[in-house]
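Topology and contacts: notes
The chain contents come next:
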Amino acid sequence: KASRGRRRPTQVPGEDVTARIQIPFRLAIAGGKTDVRLDRAGTPETITVTIPQGLPDGSRMRLRGQGLPGASGGPAGDLVLQVGVDPHPVFRRDGDTLEVALPVTLSEAIAGAKVDVPTPWGTIALRIPPGTASGRRLRAGGMGVRHANGAKGDLIAEVQVVVPDVADAAIRDQLLEAARAAEAGASDARAQLRW
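Fair warning: this is a prediction, and the values are worked out from it, not measured in the lab.

**Structural notes on the sheet that holds strand S7 (residues 97–105)**
Read from one edge to the other, the open sheet built from 4 strands follows the order S6-S7-S11-S10, with strand pairing classed as mixed. For this open sheet the edge positions go to strand S6 (91–94) and strand S10 (137–140), each flanked by a neighbour on one side alone. Direction aside, neighbouring strands of the sheet carry axes that sit 30 degrees apart on average. Two elements, S7 and strand S11 (residues 155–162), share 8 bridges in a ladder whose sense is parallel. Across the sheet, the residue bridging to valine 104 is valine 161, located in S11.

As structure tokens, then:
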């Protein structure tokens, strides 16, 4: 016969465990799996975590039931990951827009061209209109940050015209003469430059 006064022990949920992780830029953009080393109740462990596509720097991920175990049958706590994203050597992220400086040659800027630009989703051919100056921003729709829900940001390529380093004095003089002839009669390039 069971005694009436006995109560079942109170279930106590487990505590959450917080860890900081640093992931590569590419993994944050494309998503995928990564191993995370953490200390759970004094025990070092490595677990595999799935990073969602398009995860921004400074995000918090909550993994339910991956924290400390509960007492008396209580549920386990959560694992909370604070995610930092390493910078990329060339690309920069602004929300869902990816930005990149795009070097083009002087002849490509003058005559126009199609140039290959790498993106997280494959290499694209971007059209450089004839007469493109440094600083012009060219947009490739949908080639920026993407999310699992189908949202897509754009890629912005900012043109940087690369002036050739000409060692041959005769060629340099010809190039300079051609540039001066092209500039003759043109409006002052610094006309809008005022304090």
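Read on, since the account is not over.
**Things to note about the layout of surface pockets**
If you add up the space inside the largest pocket, you get close to 260 Å³. As for the largest pocket, its lining consists of Leu106, Ile110, Val163, Arg172, Leu175, Leu176, Ala178, Ala179, Ala182 and Glu183. Counting only elements with at least two residues in the lining of the largest pocket, the list comes to helix H2 (106–111) and helix H3 (169–183). Grouping the constituent residues of the lining of the largest pocket by class yields 8 nonpolar, no polar and 2 charged. Quantified by volume, the second largest pocket comes out at close to 200 Å³. Contributing to the lining of the second largest pocket are Phe25, Arg26, Ile29, Ala30, His88, Phe91, Leu98, Pro118, Thr119 and Pro120. It is helix H1 (residues 25–30) that provides the largest number of residues to the lining of the second largest pocket, a total of 4 residues. Partitioned by chemical class, the residues of the lining of the second largest pocket number 7 nonpolar, 2 polar and 1 charged.

**Quick notes on the sheet that holds strand S5 (residues 79–85)**
The mixed open sheet is built from 3 strands, whose spatial order is S1-S5-S4. Whereas interior strands pair on both sides, the edge strands pair on one side only; in this sheet they are strand S1 (17–23) and strand S4 (59–63). Adjacent strand axes in the sheet meet at a mean angle of 25 degrees when their direction is disregarded. The pairing of S4 with S5 spans 5 bridges and is classified as antiparallel. Residue pairing across strands places leucine 63 opposite leucine 79, the latter belonging to S5.

**Points about the environment of valine 49**
Within the secondary structure, valine 49 sits in strand S3 (residues 43–51). Residue valine 49 is classed as buried on the basis of its relative accessible area, which comes to 2%.

**Here's the deal with the pattern of salt bridges**
According to the stated counting rule, one finds 8 salt bridges in the structure shown. When the shortest N-O distance is used, the salt bridge between aspartate 16 and arginine 62 registers 3.1 Å. In this pair, aspartate 16 sits in the segment before S1 while arginine 62 sits in strand S4, placing the two residues 46 residues apart along the sequence. Accessibility expressed as a relative area gives 40% for aspartate 16, which makes it partly exposed. The exposure class of arginine 62 is partly exposed, given its relative accessible area of 39%. Among the salt bridges present, the one from arginine 64 reaches aspartate 78, with a minimum N-O distance of 2.9 Å. Linking arginine 64 in the loop between S4 and S5 with aspartate 78 in the loop between S4 and S5, this pair joins segments that are 14 residues apart in sequence.

Analysis parameters
Residues numbered from 1 in each chain as written. Predicted model: local features only at pLDDT ≥ 70, side-chain atom pairs only at ≥ 80, totals over all residues. Heavy atoms only, no water. Pairing = 2+ DSSP bridges. Helix = DSSP H or I, 4+ residues; strand = E, 2+ residues; numbered from the N terminus. Axes fitted to C-alpha atoms, helices over the stretch in contact; angles between N-to-C directions. 1 Å grid on protein atoms, 1.4 Å probe; cavity = no way out; pocket = protein on both sides within 12 Å on 5 of 7 lines; lining within 4 Å. Points joined across faces, edges and corners; volume = space filled by probe spheres on them. Nonpolar A, V, L, I, M, F, W, Y, C, P; charged D, E, K, R; others polar. Buried < 20%, exposed > 50% of the residue type's maximum accessible area, 1.4 Å probe, protein only. Salt bridge = Lys/Arg side-chain N within 4 Å of Asp/Glu carboxyl O.

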